[in-house]
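# Architecture and fold: a report
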Amino acid sequence: MNNQALKTNSEETTTRIYFNRCFSSTHKIIQRFLADNDSKKYELYISHVSPNSYLEEVADYFEVEPVIDGKDYTNYCLDFCQKHNINVFIPRYNVSTLIKFKDRFENLGVKVMFVGNSETYQLLDNKLKTYEALNNKDILGIPKSFSVRNYLDFQMAEDQISKIGNTCLKPISGIGGDGFKLIIDTMSEEDELYKTTSSTIVKDRIVRILKNSNNLKPFMVMEYLEGDEYSIDCLANRGELIIAIPRRKLDLYRQNIEYREDLIELAQKLAKEFSLSYLFNIQIKYHRGKAYLIEINTRMSAGIHKSCFTGVNLLDLGIKLLMGKKVTTPDNIRWGFQIRTTENYEIVNL
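Looking at an unreviewed UniProt entry, one finds the protein named ATP-grasp domain-containing protein, with Desulfosporosinus hippei DSM 8344 as its source organism.

Let's shift gears to the packing of aromatic side chains. Inspection of the entire model under this criterion finds 14 aromatic pairs. Both rings, one in Tyr45 and one in Tyr61, keep their centres 6.0 Å apart while their planes meet at 40°; by these two values the pair is tilted. One end of the pair, Tyr45, is in strand 2 (residues 42-48); the other, Tyr61, is in strand 3 (residues 61-64), with 16 residues separating them in the sequence. Residue classification places Tyr45 among the buried positions, given a relative accessible area of 2%. With centroids separated by 6.2 Å and ring planes inclined at 85°, the aromatic side chains of Phe114 and Tyr121 adopt a geometry described as edge-to-face. The exposure class of Tyr121 is buried, given its relative accessible area of 0%. The rings of Tyr18, Tyr45, Tyr61, Tyr73, Tyr76, Phe80, Phe89, Tyr93 and Phe105 are connected pair by pair, giving a single aromatic cluster. Stacked on the ring of Phe23, the Lys or Arg Arg92 has its end atom at 4.9 Å from the ring centre. One Lys or Arg, Arg334, reaches over the ring of Phe337 and ends 4.4 Å from the middle of that ring.

Estimated volume of the second largest pocket: approximately 670 Å³. If you go around the second largest pocket, you meet 26 residues; those closest to its centre are Ser96, Asp125, Ser173, Gly174 and Ile175. Counting residues per element, the ones that place at least two in the lining of the second largest pocket are helix 4 (95-98), helix 6 (118-124) and strand 15 (290-297). Tallied by class, the residues present in the lining of the second largest pocket amount to ten nonpolar, nine polar and seven charged.

The next point concerns the pairing of strand 1 (residues 15-20). Counted residue by residue, strand 1 has five buried out of six residues, so it is predominantly covered. Where strand 1 meets strand 4 (residues 88-91), four bridges bridge the pair, whose relative direction is parallel. Bridge pairing in strand 4 places Asn20 opposite Pro91.

Phe105, Ile282 and Leu293 are the most contacted members of the largest nonpolar core, which totals 54 residues. Among all residues touching Ile282, those that are not within four sequence positions of it are Tyr230, Ser231, Ile232, Cys234, Ala267, Leu270, Leu293, Glu295 and Ile296. Core analysis: the second largest hydrophobic core is formed by 37 residues, Ile46, Val58, Ala59 and Val64 among them.

In a beta sheet, neighbouring strands pair by backbone hydrogen bonds and run either parallel or antiparallel. Read across the open sheet, the five strands follow the order 6-10-7-8-9; overall the sheet is mixed. Of all strands in the sheet, those bounded by a partner on one side alone are strand 6 (145-148) and strand 9 (200-202). For this sheet, the mean inter-axis angle between neighbouring strands, taken without regard to orientation, is 30°. Each of strand 6, strand 7 (167-170), strand 8 (181-184) and strand 10 (219-223) is contacted by helix 8 (residues 151-161), which is oriented at about 165° to strand 6, the strand it contacts most.

Glancing now at the sheet that holds strand 13 (residues 254-257). Reading across from one edge, 15-14-11-12-13-16 is the order of the six strands in this open sheet, with antiparallel pairing throughout. On the outer flanks of this sheet lie strand 15 and strand 16 (337-340), each paired with one strand and no other. Each adjacent strand pair in this sheet contributes to an overall mean axis angle of 30°, direction not counted. Relative to strand 12 (residues 240-249), strand 11 (residues 229-237) runs antiparallel, the two sharing nine bridges. Bridge assignment links Leu235 to a residue of strand 12, and that residue is Ile243. Here helix 11 (residues 261-273) sits on the sheet and contacts strand 11, strand 12, strand 14 (278-287) and strand 15; the angle it forms with strand 12, its principal contact strand, is near 130°.

In this section: empty space enclosed by the protein. Within the structure shown, the criterion is met by one cavity of 30 Å³ or more. Within this model, the largest cavity holds a volume of roughly 110 Å³. In this structure, the largest cavity is lined by 13 residues; those nearest its centre are Ile90, Pro91, Arg92, Arg299 and Met300. Residue composition of the lining of the largest cavity, grouped by class: nine nonpolar, two polar and two charged.

What counts as what
Residues numbered from 1 in each chain as written. Predicted model: local features only at pLDDT ≥ 70, side-chain atom pairs only at ≥ 80, totals over all residues. Heavy atoms only, no water. Phe/Tyr/Trp six-rings, centres within 6.5 Å; stacked < 30°, edge-to-face > 60°. Helix = DSSP H or I, 4+ residues; strand = E, 2+ residues; numbered from the N terminus. Buried < 20%, exposed > 50% of the residue type's maximum accessible area, 1.4 Å probe, protein only. Lys NZ or Arg CZ within 6 Å of the ring centre and 35° of its normal. 1 Å grid on protein atoms, 1.4 Å probe; cavity = no way out; pocket = protein on both sides within 12 Å on 5 of 7 lines; lining within 4 Å. Points joined across faces, edges and corners; volume = space filled by probe spheres on them. Nonpolar A, V, L, I, M, F, W, Y, C, P; charged D, E, K, R; others polar. Pairing = 2+ DSSP bridges. Core = buried A, V, L, I, M, F, W, Y, C linked by side-chain atoms within 4.5 Å. Contact = heavy atoms within 4.5 Å. Axes fitted to C-alpha atoms, helices over the stretch in contact; angles between N-to-C directions.

Laid out in structure tokens, this is it:
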């Protein structure tokens, strides 16, 4: 394992916070968290499956994780918390398994930022089950979606969706845009070699794969939503929304922070529907004038640091809430501005 020397802190009031296999961008929200707090009161522990200089720089202790999953990984996290006397655990990876061992973390004196119970994770980590749970709730639009594991499933789904628009596919459970592909039915598989991107796939290729596979893991085929996309960073307490910050995604480099009462109201309804707590994220896309759900992420988003430009440090508030402190909606929130990502380069001697 690759260990970074622990920076000592003799204060007894130190709170030790652990992040497991977090996003690379998490270092940005951690920097904001430390800037808004007395850094002497916190020690930050991070484990990741691979070395990461950005995470190592913000961590008091960094460790490379073993490549394991499920219960084995849960035991690793329990051992990590016990070894380092962790007070607060903010999990990103393997959470649907970790939640089943909540009592064991509590017995160690560790407060874990679980947004709900085990049933909530099982539901929300499965997009099809989430859609089914909301299908008749009249809260927001649900895209027409099907579970596909063979050619007949795909043919039926394609026939149904093509009547109302374009078709796409994605994993039933996944992170961000991993596995998303817009299906193109007007191009040959040969042309795909020259004219498509990683976010598209020609219909011919899907058909060939399905016809030649006997034990394929199910995936989603769904209606493609064509309008504006919003990422809503949320903080709630037992189903009561405290704050929601909508970010409209313009492209890879620009996002608008917008005050949208309709989206904040949607976030409140979804928080209440699933009795959500602490930090989570909702992905919404407008399609033909109506808001549709893409997914509810049972964790803080990779882009949550962008919401901090409103003047609200969501990670800070989430940790305070987890530690039993009273947290209310901030009075002064900055709205109506654009965030532009610029590139920086660093030269490192070999």
